[in-house]
Structures are given as structure tokens and as C-alpha cells.
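Descriptive structure summary
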Amino acid sequence: LVVPFRRPLFSSALLTDALAGIQAEQERAGLNLLLAGKRYDQPGEAYGADLFESRAVDGLVVIGTRETYGRDLDLDARALKRLGCPLVWLHHFKGKEKVDRIVRGGGDALRDVLRHLKERGRTRVGFLAPGIGLKPGERPSAASYQKRAGEFGLATREEWIAAGEAFDGGAIRAAMEVLRRPHRPEALVCEGDDIAVAALQAAQGLGLTVPGDLAIARTANYSIGEHAAVPLTTFGAPFQALGRLAVQRLVELIAAPAQPPRELEVAGGLIVRAST
């Protein structure tokens, strides 16, 4: 399992959920798991190629997240194909090469979350985005968020849009900044459960009730949100299911490497909980 994260590995709710499914399935299949946290950011380094070439592994699962954005993933895919390496890409793959992929299905997460908030009578919506890729103090571009909110007749402002990572306290600081404004949003949409949990902590620290004063929803389904102090409304398939399916597909490819690539989808949708 190649996990090319820039953040500390086990600060990632995505990784811990995916690992739960991967571990259960690899044990059932009689495989051992090697966790590779190397970033593979040197010129010409393909994800996991050194492990396969040295026969340390029989195949690879690569987790694609926002930390793989901006990388030419087609170079990785072609290099691994030349080696004959069985490869399954878990989650995001921003490339043109045909690779075996395990993806979340169920439609447009942000659309369904915003529609739900409108149905709950929330008219002012803020957004918390991941901080990776942004410079210190830099805000995410407001235009796309304003456009999506406008599709549902919801109001948003540039000062209601902030970014930060949960593992280093950035997400709590970003949420505090938004929620301390004299005219604050009635709802926060967070990109990821760890960021949503940080928003919940910030709201409670400021004496706000959730969902009374503030509704919180997020666009990725990790188990951490289900077990928060106020269980969080979310969207998407559980990542444990994606992890299990990734190993199942990898076992098939190890047994018969010449198969054409497939994209396998795990269905998901809106899960409404107490936070909205």
C-alpha cells in the first residue's frame, strides 16, 4: 500500500478507514501488507516501483488524495505497466492512462449536501477546505464556492471561506476565524470528516450549539464523523468498503495480470445525522 502523503500518515481519517477494510480483506486472502509512506518525489521515481522490482511485493495499491494532485500520474502508471506490476488505484486518479480504479459513487457530494442544507432552512453557508497546497494565510478561491451556493439560492461570502488541516490545528483556527465574525454563516460545509470534527470543536468552544446555532456537514464519509460528539451529516461510500474492494481486485490481477483495467464503484449517498 503506497501512501504518498505529506501529512503524518495516521492523522488521515481516510487512511485509517481504508486500512480497516484492506487489513480485513488481505488477511482473508492470505496476504501480508507492506505500508509504504515514501513520497516518491525524486525525478523519475514511480510510486512503488522499487518495491516491485526488488520482489518485496507482488502488487500495489496506491491511495490517490489531494496530495497527489499536480503530479503526472500517467508517468507512474506507464512505468508500473512496463514492469508488469499488478496495480490498483484507490480513490483519486487524475490521469488519462487506463488503470484499475476503485472509486466512490453516488453523484455530486457538494450538490446533495447544499440541497439538504437548503431543505433544512439554512440560507447562509460557509466552507472549510483542506489547507494542503495553500500558502500560510492564503484563502481558497471563493468563486467556485459562491457559484455552487448560488445554484441553490444560498448566500456565501469570501470571509466565510477558509482552509486548514486538522492534524496541525489549522482547521480549528480557520473555523474559529469564520465563526467569530459578527455576521456568521448558519451552516459550514467541510471537505472531509477530520475538518468537520475540527469545526464542531471550534463551534462548541465558542458556545454555539450544533445544529441549533450552526449546522455542519461534510463531503467525505469517514467513521470519525459518525462517532463525533454530535454525529456528523456526510456524503459518500465508506472507505472501509473501498479498501476491501481494492484488495479483492489486486488478488485477481496477481492471479491473472493480463486483464484489461476496470473501474469499480462503491455506491454512496447522503447520510443525515444530528449535526444538521
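Residues numbered from 1 in each chain as written. Predicted model: local features only at pLDDT ≥ 70, side-chain atom pairs only at ≥ 80, totals over all residues. Heavy atoms only, no water.

With that settled, consider the confidence of the model for the protein chain. When pLDDT is averaged along the protein chain, the result is 92; 99% of the residues meet or exceed 70. When mean pLDDT is taken per element in the protein chain, strand β6 (residues 187-190) scores highest with 97 and helix α8 (residues 223-226) scores lowest with 90. (pLDDT = per-residue confidence, 0-100. Helix = DSSP H or I, 4+ residues; strand = E, 2+ residues; numbered from the N terminus.)

In this section: the packing of aromatic side chains. Each pair of aromatic rings is reported with the distance of its centres and the angle of its planes. Under the counting rule described, the total for this entry stands at 5 aromatic pairs. With a centroid separation of 6.1 Å and 80° between ring planes, the pair formed by Tyr40 and Tyr47 is classed as edge-to-face. Among the residues examined, Tyr47 registers a relative accessible area of 2% and is labelled buried. Centre to centre, the rings of Tyr222 and Phe239 are 5.2 Å apart; their planes meet at 55°, and the pair counts as tilted. Here the residue Tyr222 occupies a position in the loop between β7 (215-218) and α8, and Phe239 occupies one in helix α9 (residues 239-255), the gap between them amounting to 17 residues. Residue Tyr222 is classed as buried on the basis of its relative accessible area of 8%. Chaining the aromatic ring pairs together yields one cluster made of Tyr40, Tyr47, Trp89 and Phe93. A cation over an aromatic ring shows up here: Arg55 above the ring of Phe52, its NZ or CZ 4.7 Å from the ring centre. (Phe/Tyr/Trp six-rings, centres within 6.5 Å; stacked < 30°, edge-to-face > 60°. Buried < 20%, exposed > 50% of the residue type's maximum accessible area, 1.4 Å probe, protein only. Lys NZ or Arg CZ within 6 Å of the ring centre and 35° of its normal.)

With that settled, the discussion passes to the layout of surface pockets. The computed volume of the largest pocket comes to approximately 910 Å³. Forming the boundary of the largest pocket are 38 residues, of which Tyr69, His92, Arg104, Glu191 and Thr219 lie nearest the centre. Secondary-structure elements contributing two or more residues to the lining of the largest pocket are α1 (13-29), β3 (100-104), α4 (109-119), β4 (125-129) and α5 (142-150). (1 Å grid on protein atoms, 1.4 Å probe; cavity = no way out; pocket = protein on both sides within 12 Å on 5 of 7 lines; lining within 4 Å. Points joined across faces, edges and corners; volume = space filled by probe spheres on them.)

Okay, the side chain of Asp74 next. Residue placement: Asp74 occurs in helix α3 (residues 73-83). Of the side chains with opposite charge, Arg78 lies nearest to the buried Asp74, which makes no salt bridge, at 4.6 Å. Reaching out from Asp74, the side chain makes a polar contact with the backbone nitrogen of Glu97 at a distance of 2.8 Å. Residues in contact with Asp74, not counting those within four places in the same chain, are Phe93, Gly95, Lys96 and Glu97. (Lys, Arg positive; Asp, Glu negative; His and termini not counted. Salt bridge = Lys/Arg side-chain N within 4 Å of Asp/Glu carboxyl O. Polar contact = N/O pair within 3.5 Å; in protein donor to acceptor, adjacent residues only side chain to side chain. Contact = heavy atoms within 4.5 Å.)

The next point concerns the sheet that holds strand β2 (residues 87-91). As summarised here, the arrangement of the 4 strands in space is β1-β2-β3-β9, forming an open sheet in which the pairing is parallel. Looking at which strands have only one partner, the edges of the open sheet turn out to be β1 (60-64) and β9 (263-266). Neighbour to neighbour, the strand axes of the sheet diverge by 20° on average, direction disregarded. Alignment of β3 against β9, held across 4 bridges, turns out to be parallel. The residue bridging Val103 from the neighbouring strand is Glu265, located in β9. Strands β1, β2, β3 and β9 of the sheet are contacted by α9, whose axis makes an angle of about 170° with β2. (Pairing = 2+ DSSP bridges. Axes fitted to C-alpha atoms, helices over the stretch in contact; angles between N-to-C directions.)

With that settled, consider the environment of Pro261. Inspection of the secondary structure assignment puts Pro261 in the loop between α9 and β9. For the pair Pro261 and Leu87, spaced 174 residues apart in sequence, the C-alpha separation works out to 9.4 Å.

The next thing to look at is the packing of α1 against α9. Their axes nearest at 7 Å, the elements α1 and α9 cross at an angle of 40°. One element, α1, and the other, α9, form an angle in the oblique class. For the element pair α1 and α9, the recorded crossing hand is right-handed. Of the residues in α9, those in contact with Leu14, Asp17, Ala18, Ala20, Gly21, Ile22, Ala24, Glu25, Gln26 and Ala29 of α1 are Phe239, Gln240, Gly243, Arg244, Val247, Gln248 and Val251. (Parallel < 35°, antiparallel > 145°, perpendicular 65-115°, else oblique. Left-handed = near helix turned anticlockwise from the far one by under 90°.)

What follows deals with the sheet that holds β6. Adjacent strands of a sheet pair through backbone hydrogen bonds, lying either parallel or antiparallel. Spatial ordering of the open sheet is given by β5-β4-β6-β7, a layout of 4 strands whose pairing is parallel. The sheet is open, and its two edges are formed by β5 (161-163) and β7, each paired on a single side. When strand polarity is set aside, the average angle formed by the axes of neighbouring strands in this sheet is 20°. Of the strand pairs in this sheet, β4 and β5 are connected by 3 bridges, and their pairing is parallel. Bridge pairing in β5 links Ala129 to Ala163.

Across all of its chains, the model carries 18 salt bridges by this definition. Two residues, Asp100 and Arg249, come together in a salt bridge whose shortest N-O distance is 2.6 Å. Of this pair, Asp100 sits in strand β3 while Arg249 sits in helix α9; the two residues are 149 residues apart in sequence, bridging distant segments of the chain. With a relative accessible area of 5%, Asp100 lands in the buried category.

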